[in-house]
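# Remarks on the overall topology
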Amino acid sequence: MSVLETTDTAAGPVLVRQDGAAARITLNRPAQRNALSLEVMEEVTATLERLARDGEVRAIVIDANGPAFCAGHDLGEMVGRDLAFYQRVFDVCTRMMEAIHAAPQPVIARVHGIATAAGCQLVAACDLAVAAEDARFATPGVRIGLFCSTPMVPLSRAIGRKRALEMLLTGTPIDAATALDWGLVNRVVPEAALDETVGRLVDAVAGSSSLTVGIGKQAFYAQIDLDEPRAYDLTKTVMSMNMLTADAQEGICAFLEKREPTWTGR
């Protein structure tokens, strides 16, 4: 049974629904520009962890209701608290970002409006991202005395040191075209074409073996920060084990026999 049969209600801060081969997680605090409260982050994380175990879900899309994708942390709940609270906020946020990489399904950000601070971090952490032409991205914490130190982790890995430092040190937003040029997003399209573009990515992923996609995604993040010899040591073992799977044998035979493969996820 799919976990999506127990979705959140339309009144909740996080909505979950089936959308073809994808599960769609929708941030639903439009009046707060979808700020990431503790409740929201914990719910998104729990949802990602549930979906990771759902064999019917081939991709996960994160989007948002209202005029903004995500304005970052909910600053209203972060004034005058103690160290333990702040540590919990950033622990929970880190766990959410890690859950994106831990899920075997590709996680795709569907971005419109602004994605700032932890919202920009969320985009950078996703495996793929599609942005509307009006989207803007920024890490403006430096301007309010709170440097975007945790957002810099996926941001610097996505766009490189100099570009990340420019965003982090100045807080200046970049537009969607710049985000595409810098590698923060994969596609920039008119807002009306967002769903179609995301759908094409989902369909492309869903056409492959879910087991193979999961193996590849895990290996990608395991090797990305290794030096080249260690990366090869890891990935040649991954490929050897991958060859033993039923889906790899089926896919190779189907290619040689000029037919469509039948995936079993084994």
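Treat the numbers as computed from the prediction; the structure is a model and nothing was measured.

Criteria and thresholds
Residues numbered from 1 in each chain as written. Predicted model: local features only at pLDDT ≥ 70, side-chain atom pairs only at ≥ 80, totals over all residues. Heavy atoms only, no water. Salt bridge = Lys/Arg side-chain N within 4 Å of Asp/Glu carboxyl O. Helix = DSSP H or I, 4+ residues; strand = E, 2+ residues; numbered from the N terminus. Buried < 20%, exposed > 50% of the residue type's maximum accessible area, 1.4 Å probe, protein only. Polar contact = N/O pair within 3.5 Å; in protein donor to acceptor, adjacent residues only side chain to side chain. Contact = heavy atoms within 4.5 Å. Phe/Tyr/Trp six-rings, centres within 6.5 Å; stacked < 30°, edge-to-face > 60°.

The next thing to look at is the pattern of salt bridges. Counted under the stated rule, the structure contains 14 salt bridges. The salt bridge involving arginine 24 is made with aspartate 63; its shortest N-O contact spans 2.8 Å. Of the two residues, arginine 24 is situated in strand S2 (residues 22-27) and aspartate 63 in strand S3 (residues 59-64); the sequence distance between them amounts to 39 residues. For arginine 24, a relative accessible area of 4% gives the class buried. A relative accessible area of 6% means that aspartate 63 is categorised as buried. The shortest N-O distance in the salt bridge between aspartate 225 and arginine 157 comes to 3.6 Å.

By the secondary structure assignment, threonine 139 is in the loop between strand S7 (136-138) and helix H4 (152-159). Taking relative accessible area as the criterion, threonine 139 reaches 1% and is therefore assigned buried. For threonine 139, the side chain forms a polar contact with the main-chain oxygen of methionine 167, separated by 3.1 Å. Sequence-distant contacts of threonine 139, that is, excluding residues within four places in its chain, are made with Ala117, Cys120, Cys148, Pro151, Leu155, Met167, Leu168 and Gly171.

In this structure the tally under the stated criterion is two aromatic pairs. Here phenylalanine 85 and tyrosine 86 contribute two aromatic rings whose centre-to-centre distance is 6.1 Å and whose plane-to-plane angle is 75°, an arrangement assigned as edge-to-face. Judged by relative accessible area, which is 11%, phenylalanine 85 ranks as buried. Accessibility expressed as a relative area gives 23% for tyrosine 86, which makes it partly exposed. Geometrically, the ring pair formed by phenylalanine 220 and tyrosine 221 is edge-to-face, given 5.2 Å between the ring centres and 85° between the ring planes. Residue phenylalanine 220 is classed as partly exposed on the basis of its relative accessible area, which comes to 42%.

On their own, these measurements won't tell you what the molecule is for.
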